[in-house]
Amino acid sequence: MTFKSLGLIEALLKAVRLQGYETPSPIQQKAIPPILEGLDVLASAQTGTGKTAGFTLPMLQILSKNSVLHRRPLRALVLTPTRELADQVYNNVKHYSKFLDLRSAVIFGGVNQNPQIKHLRNGVDILVATPGRLIDLENQGHLSLSKVEIFVLDEADRMLDMGFKRDIDKIRSLIPSKRQNLMFSATFSREIKSLAQTILQRPTVVEATPENTTVEAIAQQIYRVAKEKKTNLLIKLIQDGNWKQVLVFTRTKHGANKLCKKLESARIFAMAIHGNKSQSARTRALSGFKNHEVRVLVATDIAARGLDIPLLPHVVNYELPNIPEDYVHRIGRTGRAGANGVALSLVCAEETSYLASIEKLTKQRFKKEIIDGFEPDPNASTLPPKQGGGRHQRRGGVRPTNKRSGFASGASRSSYNRRR
Ligand code: ADP
Ligand code: MG
């Protein structure tokens, strides 16, 4: 299977080669042909399996075939839930359209709108946007969606989790009803299916389930520990193991900041990535982590989900998530078949019920270990911690995605990421 056999034009094949891709990933193989035919497509595949190229490549091909060069009305709209994702998709669009005469732009909130408006004024064919800023600029008359031919909802499950349903409805009312619709998601929940029903017309449904790798490829270790000893245990594990690149999850933004400070004072270079950080701080943290300048990236679930973080040797749950599906997503950041990925969870008394939910969801019983000097506190309450942070509890529906990356062995995603 090659990109060429999927029917892509030479300008795109060239761009793909430049990215170093050798073979299309399973979801790309399945999604690209029906999109090229102009059909509505609902696609789902695990995070990190190349969904972005799965919709971007055929979208660019369609746009380049019937180009409207003189006025450049906005013809393709890609919605993503977060700024980082918008930026990532935009970068993909730019890379893949390198040899085509198409213009693109990205808009998201949290930064000055004026440069974005200026960019739009020149005319763009493709706009990548987060919902809030898009609606804002549309309201102010800085953009029109009346000529949109292709509408893409990327990371649709995240969009729902983050409460964007109403914004999506609003945006839908601003674009022509006759259009091609694409929806991409990491999971296939009931909510996703019902959203699809309102947006897509007789969609082709494609799903890629990566083979031969299960959650067993990831060593999962559970350490029972007293709450106030977690930080020192983490420091010990990082130092004794000489870990060079660790992704650490905390439940709250505040917890992420606090942990970063403590790691810093132990001379472990750490940065946090979460919703309260400025756009530039988040970008800096992520790129520093990718090129091994930042040793520990501390993240909250929302901030990390969907981000193009390479597969890692170590993922640590400093705190267990209160939503068991998040555990599966978190540990999916480590372990490839054959490589020794380790997912470590530090569990204190009050997280006992979270651990039980995770065991139930993933249908496994963990061996719980205790490290000398970091024993759990036998008197601590086992009541779950109070919920702060204002995060919506998801209503089930997310399948445990205990499968690994769906790339053919020739073009491993992690080796690709390392080369970058
Ligand atoms: P998803 O949206 O499914 O989470 P992305 O589109 O962010 O995944 O892709 C994950 C990574 O895989 C990116 O670094 C991307 O450049 C890379 N990638 C995409 N397609 C291929 C391919 N066919 N071969 C190798 N790497 C690929
Ligand atoms: Mg994606």
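Everything that follows concerns the structure shown earlier in this document.
Structural notes, computed from the coordinates. Note that the structure is a prediction, hence the values are computed from the model and not measured.

**Structural notes on the pattern of salt bridges**
Inspection of the entire model under this criterion finds 16 salt bridges. Arg17 is the salt-bridge partner of Glu10, the closest N and O atoms lying 3.0 Å from each other. What makes Glu10 partly exposed here is its relative accessible area of 44%. A salt bridge links Asp169 to Lys165; its shortest N-O distance comes to 3.0 Å. Here the residue Asp169 and the residue Lys165 both occupy positions in helix H8 (residues 165-172), the gap between them amounting to four residues, near one helical turn. A residue is classified by how much of its surface remains accessible, and Asp169, at 27% relative accessible area, is partly exposed. Given the relative accessible area of 32%, Lys165 is considered partly exposed. What you see here is one network of salt bridges that share partners, running through Arg72, Arg75, Asp101, Asp125 and Glu149.

**Some points on unusual backbone geometry**
If you check the backbone angles, Arg202 has positive phi at about 35° while not being a glycine. For Arg202, the location among the structural elements is in the loop between helix H9 (190-199) and strand S7 (204-208). Judged by relative accessible area, Arg202 falls into the exposed class, the value being 82%. Not every positive phi belongs to a glycine, and Asn242 is a case in point at roughly 50°. Assignment of secondary structure puts Asn242 in the loop between helix H10 (230-241) and strand S9 (246-249). For Asn242, a relative accessible area of 43% translates into the label partly exposed.

**Here we look at H10**
Over its twelve residues, H10 runs 16 Å from end to end, which matches the ideal 16 Å to within 8%, given 1.5 Å per residue. Along H10, the positions that sit buried rather than exposed are Lys230, Thr231, Leu233, Leu234, Ile235, Leu237 and Ile238. Summarising the contacts, the buried residues of H10 are in contact with strand S8 (218-224), S9, helix H11 (253-265), strand S11 (296-299), strand S12 (314-317) and strand S13 (341-347). With its phi angle positive at about 50°, Asn242 sits one or two positions after the end of H10.

**Thoughts on the packing of aromatic side chains**
According to the stated counting rule, one finds four aromatic pairs in the structure shown. The structure contains a cluster of three or more aromatic residues connected by ring pairs, namely Phe3, Tyr21 and Tyr96. Taking NZ or CZ as reference, Lys14 lies 4.3 Å from the ring centre of Phe99, over its face. A cation over an aromatic ring shows up here: Lys230 above the ring of Tyr318, its NZ or CZ 5.7 Å from the ring centre.

**Some details on the nonpolar core**
Counting 40 residues, the largest nonpolar core has Leu57 and Met59 as the members making the most contacts within it. Excluding residues that lie within four positions of it along the chain, Leu57 makes contacts with Phe3, Leu8, Leu12, Val16, Ile32 and Tyr96. Counting residues in each nonpolar core, the second largest holds 32 residues, with Ala129, Met159, Phe188 and Leu195 among its members.

**Some remarks on the sheet that holds S7**
Pairing is parallel across the open sheet formed by seven strands, whose spatial order is S3-S4-S2-S5-S6-S1-S7. For this open sheet the edge positions go to strand S3 (104-107) and S7, each flanked by a neighbour on one side alone. Averaged over all pairs of adjacent strands, the angle between their axes in this sheet comes to 15°, without regard to strand direction. Pairing analysis gives four bridges linking S3 to strand S4 (residues 126-129), with the strands arranged parallel. Considered in S4, the bridge of Ala105 is made with Leu127. Packing of helix H3 (residues 51-65) onto the sheet brings it into contact with strand S1 (41-45), strand S2 (76-79), S4, strand S5 (150-153) and strand S6 (180-185), and relative to S6 it is tilted by some 165°.

**Some thoughts on the environment of Thr187**
You can see Thr187 is positioned in the loop between S6 and H9. Residue Thr187 is classed as buried on the basis of its relative accessible area, which comes to 3%. For Thr187 and Ala156, which are 31 residues apart along the polypeptide, the C-alpha to C-alpha distance reads 8.7 Å.

**With respect to the pairing of S6**
The buried count for S6 comes to six of six residues, which makes it a mostly enclosed element. The alternating pattern of S6 places Gln180, Leu182 and Phe184 on one face and Asn181, Met183 and Ser185 on the opposite face, and all of these are buried. Note: S5 against S6, four bridges, orientation parallel. Each residue of the ladder has a partner; that of Val152, found in S6, is Leu182.

**Considerations on the pairing of S9**
Because side chains alternate across S9, one face comprises the buried residues Val246 and Val248, and the other comprises Leu247 and Phe249, equally buried. Of the pairings in the sheet, the one linking S9 to S11 comprises four bridges and is parallel in character. From the neighbouring strand, Val246 faces S11, where its bridge partner is Val296. Judged from the four bridges that link them, S9 and S12 form a sheet pairing that is parallel. Directly across from Val248, in S12, lies its bridge partner Val316.

**Brief notes about the sheet that holds strand S14 (residues 368-369)**
A sheet is described by the order of its strands in space; here seven strands give the open sequence S10-S11-S9-S12-S13-S8-S14, paired in parallel fashion. Edge positions in the sheet fall to strand S10 (270-273) and S14, since each has one partner strand and no second. Contacts between H11 and the sheet are confined to S9, S10 and S11, with S10 contributing the most and set at about 170° to the helix. Against the sheet, helix H15 (residues 352-362) contacts S8, S13 and S14, and its axis sits at roughly 155° relative to S8.

Calculation notes
- Residues numbered from 1 in each chain as written.
- Chains lettered and ligands numbered in written order.
- Predicted model: local features only at pLDDT ≥ 70, side-chain atom pairs only at ≥ 80, totals over all residues.
- Heavy atoms only, no water.
- Salt bridge = Lys/Arg side-chain N within 4 Å of Asp/Glu carboxyl O.
- Buried < 20%, exposed > 50% of the residue type's maximum accessible area, 1.4 Å probe, protein only.
- Helix = DSSP H or I, 4+ residues; strand = E, 2+ residues; numbered from the N terminus.
- Expected span 1.5 Å × (residues − 1).
- Contact = heavy atoms within 4.5 Å.
- Phe/Tyr/Trp six-rings, centres within 6.5 Å; stacked < 30°, edge-to-face > 60°.
- Lys NZ or Arg CZ within 6 Å of the ring centre and 35° of its normal.
- Core = buried A, V, L, I, M, F, W, Y, C linked by side-chain atoms within 4.5 Å.
- Pairing = 2+ DSSP bridges.
- Axes fitted to C-alpha atoms, helices over the stretch in contact; angles between N-to-C directions.

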